[in-house]
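Examination of the molecular architecture
Here is how the chains run, residue by residue.
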Amino acid sequence: MQVEEKKVVSIHYKLTDDDGNILDSSENAQPLVFIHGIGMLIPGLEKALEGKVKGDKLNVSVKPEDGYGERDEGLTQMVPKTQFDDTETIQIGMQFQVETEQGVLVVTVTKVTDDEVKIDGNHPLAGVNLNFDVSVEEIREATQEELDHGHVHGAGGHDH
Ligand code: ZN
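Residues numbered from 1 in each chain as written. Predicted model: local features only at pLDDT ≥ 70, side-chain atom pairs only at ≥ 80, totals over all residues. Heavy atoms only, no water.

Section: the sheet that holds strand E7 (residues 103-112)
Spatially, 4 strands are ordered E5-E8-E7-E6 in an open sheet, and the strand pairing comes out antiparallel. One side of each edge strand has no neighbouring strand; the edge strands of this open sheet are strand E5 (76-80) and strand E6 (95-100). Adjacent strand axes in the sheet meet at a mean angle of 40° when their direction is disregarded. Summarising the sheet, E6 and E7 pair through 6 bridges and their orientation is antiparallel. Note that in E7 the partner of Gln-97 across the bridge is Val-106. (Pairing = 2+ DSSP bridges. Helix = DSSP H or I, 4+ residues; strand = E, 2+ residues; numbered from the N terminus. Axes fitted to C-alpha atoms, helices over the stretch in contact; angles between N-to-C directions.)

Take a look at the structure:
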């Protein structure tokens, strides 16, 4: 069996940036389990996994356009501190949801001044080259129910 659309795939992975900093890893944790081909992973990683079989190991470099997109400075904004309920606790790195005309957006605080806060609606990994070390652990057929729900059931997935 190989990785293709509608297969449930388990992978272990390590994600580093171009400087070798580890951004994310499944090491010492459960493998990442996903349904292939429905956009659960970034496009560059899905493409690289296509056709792979259990036991395969691969190194994948994903450019921003196949990852979390390029940074869009238009998604950053300085807002007055007075808009926040609790200005004492605002710190760089905090994330929260804001309502926009395009729906709910997750923003990250990237700067705090005496009276203003800079918020950034870009994905934290936008504009970053992503280097994945991946090993394919398991491949199985997705059940019809999993396909209907759009997520994995059982180990590494939903329990309901
Ligand atoms: Zn479900």
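Having seen it, we continue.
A look at the environment of Gln-2
Topologically, Gln-2 is positioned in the segment before strand E1 (7-16). Filtering out sequence-adjacent residues up to four positions away, Gln-2 remains in contact with Lys-7, Gly-51, Lys-52, Val-53 and Ile-139. (Contact = heavy atoms within 4.5 Å.)

Comments concerning the coordination of the zinc ion
For the zinc ion, the protein coordination sphere consists of His-149 (ND1), His-151 (NE2), His-153 (NE2) and His-160 (NE2), at 1.9 to 2.1 Å. One can describe the site at the zinc ion as tetrahedral: its 4 donor atoms subtend angles covering 96 to 118° at the metal. Ordering the donors of the zinc ion by residue number gives the pattern H-x1-H-x1-H-x6-H. Assessed through its relative accessible area of 16%, His-151 is described here as buried. (Donors = N, O, S within 2.8 Å, 3.2 Å for Na, K, Ca; no water. Tetrahedral: all angles 85-135°; square planar, octahedral: opposite > 155°, others 65-115°. Buried < 20%, exposed > 50% of the residue type's maximum accessible area, 1.4 Å probe, protein only.)

Observations regarding the nonpolar core
Core analysis: the largest hydrophobic core is formed by 19 residues, its most contacted members being Ile-11, Leu-45, Leu-49, Leu-130, Phe-132, Val-134 and Val-136. With 5 residues, the top contributor of residues to this core is strand E9 (residues 130-141). Sequence-distant contacts of Leu-45, defined by excluding residues within four places in its chain, comprise Val-60, Val-62, Phe-132 and Val-134. (Core = buried A, V, L, I, M, F, W, Y, C linked by side-chain atoms within 4.5 Å.)

Focus: the domain arrangement of the protein chain
Partitioning the protein chain into domains gives domain 1 (7-68 + 126-149) and domain 2 (73-120). Look at where the C-alpha atoms of domain 1 and domain 2 centre, and you get two points 30 Å apart. (Domains from an automatic or database assignment.)

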